[in-house]
Amino acid sequence: MATITSTTTEKPAPRANQARNARAEIDRHRRWAPARAALWGLLDRQLPAGARVAVLGAGNGDDLPLRQLAGRASSLTLIDLDRQALRAARRRAGWRRRRRVRVVEHEVTGGAADRIAMAALAGEEPSPPLVPEGPLPGAPYDLVVGDLLYSQLLYPALLDLGLEEARREAVLQRRGLALTGAVVARLHASAPLVLHLHDPLAWWPGHDQPADLGSILRLADGGDVAAALAEVDRGAGPWESDPRAAFAELGIDPITTAFWRWPFAAGVDYLVCATLATGSELP
Ligand SMILES: C[S@@+](CC[C@H](N)C(=O)[O-])C[C@H]1O[C@@H](n2cnc3c(N)ncnc32)[C@H](O)[C@@H]1O
């Protein structure tokens, strides 16, 4: 078991995410341009002028086409647990459009991720996550984007708390899916249309990855989304942070699924799976 100190145990999930946001490499914005273009390619077809849009997990905004979004939307709300990252993201919208962009510091699990991580650190069985059920701050919106935060809800905290791999895996398998599902439910309680972005697979040198990135993208480009998803299923990735796994139970219908390469860092690629979905009741 890892050693417990007061500095490591204070809000471990926000601390872990803030540390990662602060470590973003200087050339990240340029490197992620193709991912921003792919996201806008999808949103451009779906987003009517004047829509009220929120992005949860906006972070530094490096993966977001902020100028285009702020140009199309009547209001753009960037939500994240990291206020400092949000301020930098807002600046990226350009000074003319910035007045339509507001930032909201909000930890979407309401402390549930921290409670799971702390129980795991203490060697206890984490209780099922108790996540607030209400909509996101500022709701209702016309469209909410869940921006690549699902895999970051719990895993970085477990890693930074020093839990060994087997224990991390056990905790994620036991509580990860319920945590993801509760966040998915909050997004769908906030807007009639939700775009979920998640990162099911990654490739880097020395990482044994049975699924092939090029094949997934070719299958999806050819219109065979089912085959692309089957190839994703062959891969080694964090299934417990897949928002789609919560759809059936919550009565959510996927409308469109798209994939793109996320050139995360030199030699490191992630696959982004983008799922536009409707469903669940607004309050
Ligand atoms: C991988 S980043 C997504 C990329 C980000 N949009 C960017 O371009 O910098 C995940 C983001 O989710 C945020 N996040 C993780 N857990 C969260 C939570 N429980 N509540 C709110 N935001 C969270 C992190 O702070 C981080 O900014």
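Details of the structure are given in the entry above.
Here the structure is a predicted model, which is why all the values come from computation and not from measurement. (Residues numbered from 1 in each chain as written. Predicted model: local features only at pLDDT ≥ 70, side-chain atom pairs only at ≥ 80, totals over all residues. Heavy atoms only, no water.)

Remarks on the pattern of salt bridges
As enumerated under the stated definition, the model contains 13 salt bridges in all. A salt bridge links Arg 30 to Asp 27; its shortest N-O distance comes to 3.3 Å. A salt bridge links Asp 142 to Arg 52; its shortest N-O distance comes to 3.0 Å. Of this pair, Asp 142 sits in the loop between helix H7 (112-121) and strand S4 (143-147) while Arg 52 sits in strand S1 (residues 52-56); the two residues are 90 residues apart in sequence, bridging distant segments of the chain. (Salt bridge = Lys/Arg side-chain N within 4 Å of Asp/Glu carboxyl O. Helix = DSSP H or I, 4+ residues; strand = E, 2+ residues; numbered from the N terminus.)

A few points about the packing of H7 against helix H9 (residues 165-188)
Two numbers describe how H7 lies on H9: the axes approach to 11 Å, and their chain directions differ by 155 degrees. The angle between the axes of H7 and H9 places the two elements in the roughly antiparallel class. Pair H7 / H9 crosses with right-handed handedness. On H9, the residues that touch Ala 112, Ala 113, Ile 116, Ala 119 and Ala 120 of H7 are Arg 167, Val 171, Arg 175 and Leu 179. When grouped by side-chain class, the residues that make up the contact of H7 with H9 number 7 nonpolar, no polar and 2 charged. (Axes fitted to C-alpha atoms, helices over the stretch in contact; angles between N-to-C directions. Parallel < 35°, antiparallel > 145°, perpendicular 65-115°, else oblique. Left-handed = near helix turned anticlockwise from the far one by under 90°. Contact = heavy atoms within 4.5 Å. Nonpolar A, V, L, I, M, F, W, Y, C, P; charged D, E, K, R; others polar.)

Here we look at the sheet that holds S1
What the 7 strands build is an open sheet, ordered S3-S2-S1-S4-S5-S7-S6; its pairing is mixed. Only two strands of the sheet have a single neighbouring strand rather than two, namely strand S3 (101-105) and strand S6 (252-265). Taking the axes of each pair of neighbouring strands and ignoring which way they run, one obtains an average angle of 20 degrees across the sheet. Pairing analysis gives 5 bridges linking S1 to strand S2 (residues 75-80), with the strands arranged parallel. Bridge pairing links Val 55 to Leu 78 in S2. Sheet strands touched by helix H10 (residues 213-221): strand S5 (193-203), S6 and strand S7 (268-279). Its angle to S6, the strand with the most contacts, is close to 140 degrees. (Pairing = 2+ DSSP bridges.)

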